[in-house]
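# Examining the three-dimensional arrangement
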Amino acid sequence: MTAHRHLRPAGALGLLLFLVLALLPAGPAAAAEGPKEKKAVFGVQPAGPKKPDQRPHFSYGVTGGAAVRDQIALWNYGSEPLTLAVYASDAVNTVDGGFDLLAADKKPTDTGSWIKLATNKVTVKPKSHVIVPFTLTVPAKVTPGDHTGGIVASLSGTGKDAKGNQVRLDQRVGARVYLRVAGAIKPELTVENVRAEYHGTLNPFGTGSATVTYTVRNSGNVRLGARQAVRVNGVFGSSVTAKGVRDLGELLPGNALTVTAEAEGVAPLVHASAVVSVQPVATREGVDPRLPSLTRTVSVWAVPWTLLALLLLLVAGFLWRRRRRRTDRRVDVADAVRARKSTSETPDTPDKELIVQFTRLLTRRTAAGAAAAAAVVLAGVGVLTVPTASAAPLGTAKVNPATGTDDTSIDLTTSAACPAPATNVLVKVAGKGFPAEGKNVVGNSPLTTYPKDPNGAGFIVPLTMTMRDYANEAGFTTLEGRYDLTIVCRKAFGSETFGEFTGSLWFTSNTVYQDTDPGGTNPTGTPSGTPSGTPSGTPSGTPSTTGTPTPTDTGSPSPTETETGGDTVGVSTSIPPSTAAPTTTEPASSGGSSANGGSGGGDGGGGLADTGTDPVVLGLLSALLVVTGALAVRWARRRGLITFGSN
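With that settled, the discussion passes to the overall build of the protein chain. Scanning the protein chain from N- to C-terminus turns up 8 helices and 27 strands. Taken over 647 residues, the protein chain has a buried fraction of 38%. In the protein chain, of all internal contacts separated by at least 6 residues, the share reaching a separation of at least 24 is 72%. Of the roughly 36200 Å² that the protein chain leaves accessible, carbon and sulfur atoms contribute 59%.

Pairing is antiparallel across the open sheet formed by 3 strands, whose spatial order is E11-E12-E16. Because the sheet does not close on itself, it has two edges, and the strands there are strand E11 (189-199) and strand E16 (256-266). Sheet twist, expressed as the average angle between the axes of neighbouring strands with direction ignored, equals 15°. Of the pairings in the sheet, the one linking E11 to strand E12 (residues 208-218) comprises 9 bridges and is antiparallel in character. Across the sheet, residue threonine 190 finds its bridge partner in E12, namely arginine 217.

If you look at the biggest cluster of nonpolar residues, it comprises 33 residues, and the most contacted ones within it are Leu189, Tyr214, Val230, Val276 and Val278. Counting only elements with at least two residues in this core, the list comes to E11, E12, strand E13 (224-234), strand E15 (248-251), E16, strand E17 (270-281) and strand E18 (294-302). Per-element accounting of this core gives the leading share, 5 residues, to E16. For tyrosine 214, the residues in contact, after removing those within four places along its chain, are Val191, Glu192, Asn193, Val194, Gln228, Val230, Val245, Leu257, Thr258, Val259, Val276 and Val278. Grouped together as the second largest cluster of nonpolar side chains are 32 residues, Val399, Val429, Met467 and Phe498 included.

Right, let's get into helix H6 (residues 467-474). Along H6, 7 of the 8 residues are buried, which leaves the element largely enclosed by surrounding structure. For H6, the complete set of buried residues consists of Met467, Arg468, Asp469, Tyr470, Ala471, Asn472 and Ala474. The first or second residue beyond H6 is glycine 475, which carries a positive phi of 90°.

Turning our eyes to something else, we now look at a nonpolar patch on the surface. Judged by side-chain polarity, Phe205, Trp305, Leu308, Leu310, Leu311 and Leu314 come together as a nonpolar surface patch covering roughly 690 Å² of accessible area. Looking at where leucine 308 falls in the secondary structure, it is placed in helix H4 (residues 305-342).

Looking at where leucine 101 falls in the secondary structure, it is placed in strand E5 (residues 99-101). As for leucine 101 and arginine 176, which are separated by 75 residues in sequence, their C-alpha atoms are 9.1 Å apart. Every residue in contact with leucine 101, bar those within four places of it in the chain, is listed here: Ser89, Asp90, Ala91, Val92, Gly149, Gly150, Val152 and Arg172.

On to the state of the cysteines. All chains considered together, the criterion is met by 1 disulfide. Each sulfur in the disulfide pair cysteine 418 and cysteine 489 lies 1.9 Å from the other. Looking along the S-S bond of the cysteine 418-cysteine 489 disulfide, the torsion reads about -70°, which is the left-handed sense. Here cysteine 489 lies in strand E25 (residues 481-490) and cysteine 418 lies in the loop between strand E21 (411-414) and strand E22 (424-431), a separation of 71 residues in the sequence.

A few words on the pairing of strand E3 (residues 67-76). Where burial is concerned, most of E3 is hidden: 8 out of the 10 residues are buried. Bridge count between strand E1 (residues 42-47) and E3: 6 bridges; the pairing is antiparallel. Within the sheet, the bridge partner assigned to phenylalanine 42 lies in E3 and is asparagine 76.

In spatial order, the strands read E1-E3-E8-E6; together these 4 strands make up an open sheet with antiparallel pairing. In this open sheet, the two strands that pair with only one neighbour each are E1 and strand E6 (115-117). Direction aside, neighbouring strands of the sheet carry axes that sit 30° apart on average. Summarising the sheet, E6 and strand E8 (residues 128-137) pair through 3 bridges and their orientation is antiparallel. Note on E8: the bridge partner recorded for lysine 116 is threonine 135.

What follows deals with the pattern of salt bridges. Throughout the structure, instances matching the rule amount to 19 salt bridges. Among the salt bridges present, the one from arginine 227 reaches aspartate 406, with a minimum N-O distance of 3.6 Å. Remark: aspartate 406 occurs in the loop between strand E20 (403-405) and E21 and arginine 227 occurs in strand E13; sequence separation between them is 179 residues. In this pair, the class of arginine 227 matches that of aspartate 406, namely buried. Among the charged side chains, a salt-bridge network with shared partners connects Asp146, Arg176, Arg180, Arg223 and Glu250.

With that settled, consider the confidence of the model for the protein chain. Summing up the model confidence of the protein chain, the mean pLDDT is 75 and the portion of residues at 70 or higher is 70%. Counting contacts from residues 352-364, a segment whose pLDDT is below 50, to residues more than four positions away or on other chains yields 8 contacts. This stretch, residues 381-389, has a pLDDT under 50; its non-local contacts, to residues over four places away or in other chains, come to 20 contacts.

What the rule picks out here adds up to 9 aromatic pairs. Summarising the aromatic geometry, the rings of phenylalanine 58 and phenylalanine 134 are spaced 5.3 Å apart at their centres and angled 85° between planes, so their arrangement reads as edge-to-face. Here phenylalanine 134 lies in strand E8 and phenylalanine 58 lies in strand E2 (residues 58-62), a separation of 76 residues in the sequence. You can call phenylalanine 58 buried: its relative accessible area is 0%. Take phenylalanine 134: its relative accessible area is 3%, and that puts it in the buried class. Ring geometry for phenylalanine 507 against tyrosine 513: centres 5.9 Å apart, planes inclined by 55°, an arrangement best described as tilted. Per residue, the accessibility class of phenylalanine 507 equals that of tyrosine 513, and both read buried. The lysine or arginine in question, arginine 223, covers the ring of tyrosine 178, its NZ or CZ lying 4.1 Å from the ring centre.

Next up on the list: the side chain of serine 209. For serine 209, the position within the fold is in strand E12. Judged by relative accessible area, serine 209 falls into the buried class, the value being 13%. Setting aside chain neighbours within four positions, we find serine 209 in contact with Glu197, Tyr198, His199, Ala263, Glu264 and Val266.

So, about unusual backbone geometry. A cis amide bond links asparagine 400 to the next residue, proline 401, at an omega of 5°. Within the element layout of this structure, proline 401 appears in the loop between strand E19 (393-400) and E20. Along the chain, alanine 420 connects to proline 421 via a cis peptide bond; the corresponding omega equals 10°. Turning to its location among the elements, proline 421 is positioned in the loop between E21 and E22. Notably, asparagine 193 is not glycine yet its phi reads approximately 50°, a positive angle. Structurally, asparagine 193 is set in strand E11.

Conventions adopted
- Residues numbered from 1 in each chain as written.
- Predicted model: local features only at pLDDT ≥ 70, side-chain atom pairs only at ≥ 80, totals over all residues.
- Heavy atoms only, no water.
- Helix = DSSP H or I, 4+ residues; strand = E, 2+ residues; numbered from the N terminus.
- Buried < 20%, exposed > 50% of the residue type's maximum accessible area, 1.4 Å probe, protein only.
- Contact = heavy atoms within 4.5 Å.
- Areas by Shrake-Rupley, 256 points an atom, 1.4 Å probe, with all protein chains shown as cover.
- Pairing = 2+ DSSP bridges.
- Axes fitted to C-alpha atoms, helices over the stretch in contact; angles between N-to-C directions.
- Core = buried A, V, L, I, M, F, W, Y, C linked by side-chain atoms within 4.5 Å.
- Patch = residues over 30% accessible without salt bridge, like charges linked within 9 Å, V, L, I, M, F, W, Y side chains within 5 Å.
- Salt bridge = Lys/Arg side-chain N within 4 Å of Asp/Glu carboxyl O.
- Disulfide = S-S within 2.5 Å.
- pLDDT = per-residue confidence, 0-100.
- Phe/Tyr/Trp six-rings, centres within 6.5 Å; stacked < 30°, edge-to-face > 60°.
- Lys NZ or Arg CZ within 6 Å of the ring centre and 35° of its normal.

Next up, the structure:
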């Protein structure tokens, strides 16, 4: 019994130890014992008959019915043999504007269907390559312009996803194939389905955001890139630029891309406008489109619902309080009448509520005073639209940045402050294509709106839009030569001015400017002239990137990866494209919006900036007139000067 009692604790301890060891995780040990996966890294590259060459991609200039023979090299950078499937396919744009090829289960109908490979399956030894010949036969009847495809090497296998499920993996790398078929060239981009939506905030005095969505479509027959900008402009001259709008590197013919841009800090001033600007540019080895910037504008209702709800509650409280006071007053009057009746000597007189109503016509003096007040108000409103008179120069306005493009956001920094009694400024631009007297581009605004120059005595005025936008509003597309930007010091009312600050910039091409005269002189005066129909300069193309071999998840010593396309310098077999046929540009429509959301320019008239009006003062004046009228009506009703039928 004693021995048995001593063995029981030892047996319990052993059992407990066994359970603890059994519950310990066996993951690391199992992982160490399991076989390690090996990486399979492979790639493709244009090649000659015997070895790979330095071409970044395949590029040909052909005619209908032509045949081209070429080779592609398939590389195996791993330590074990690989069996790769090889096939050709058509190129497409991805949803974010990238370059891709059709999936393996989709049959090509364009460039991919014209390529015939010598074999569709290749086994490549470790650390070596295999060259596969192919023939590209162009149909006799084919549309001119750009046709794009690619040759793909694919490795199929199985693997597990993040949840441990067995999935089929298809790893692909490819080399691009660019064809330019001889014939009429038509570069064209269109901007469609422009939509904008405002998103408010719970803060009644805070700013919201706007989401702008639009579609860029390549409706021509050549590859094109595009520079893009999206802005949301408020009714009082404020402007917010959407962040993260990327330029398009390469949009293939017939393809479309939907772009979504977010603009933060949009003030809820009831109404705003979203402006989309798309400038077509050439791609690498592409055609210079020589097309004007496409500008589309849509309206945005930026309603401050939270602020309106707060005001509604305040008005409802005021009306309830007013009605309550009226009810109390009627009760007091009724009590007073009953008190008088109780002390009256004729108690049998029937109860009647005393109603007194005075209705008087306005006297001649009152009418004359009202007419004089109306004349003063109308004169004050009329003064707002008086054209700005010429003023003496006060100094210069520095253009910042000193160099840029037609869609660069520009600031003007004055060399001094506006003299007293000037309280406001406006900005106008003059030059080739703009009116001789200049076009107002920043409306009459208080000086307190703009920050002071931290490095000088002047102040900084940002332009609300770009030079390309101002040109489109004025009805022309070619920016060239000198343009003067003038800041005019003035008051909120009246036509008197108190001096000007002028800065100049010169467009050395249709898209690039500098703040120094390329001719070495700085002539004075305001340039004038009419726009030319031929753009000067060539917009720089946006290079298109190409794919890099994508390795699978496997392990061999650091392989040397090669690009299947890209910026590798070498000899290309591309034939220079024919000169693009001249294109015609449609004149900008005057005012209004087109069916697809576009807006034209005409002479750009009709806006507050063109009249020199201070929009803030105009809004305050309108509100003051409304409040004054309401108070006047209430005052007249309470004194019986006017009555309504329901009283």
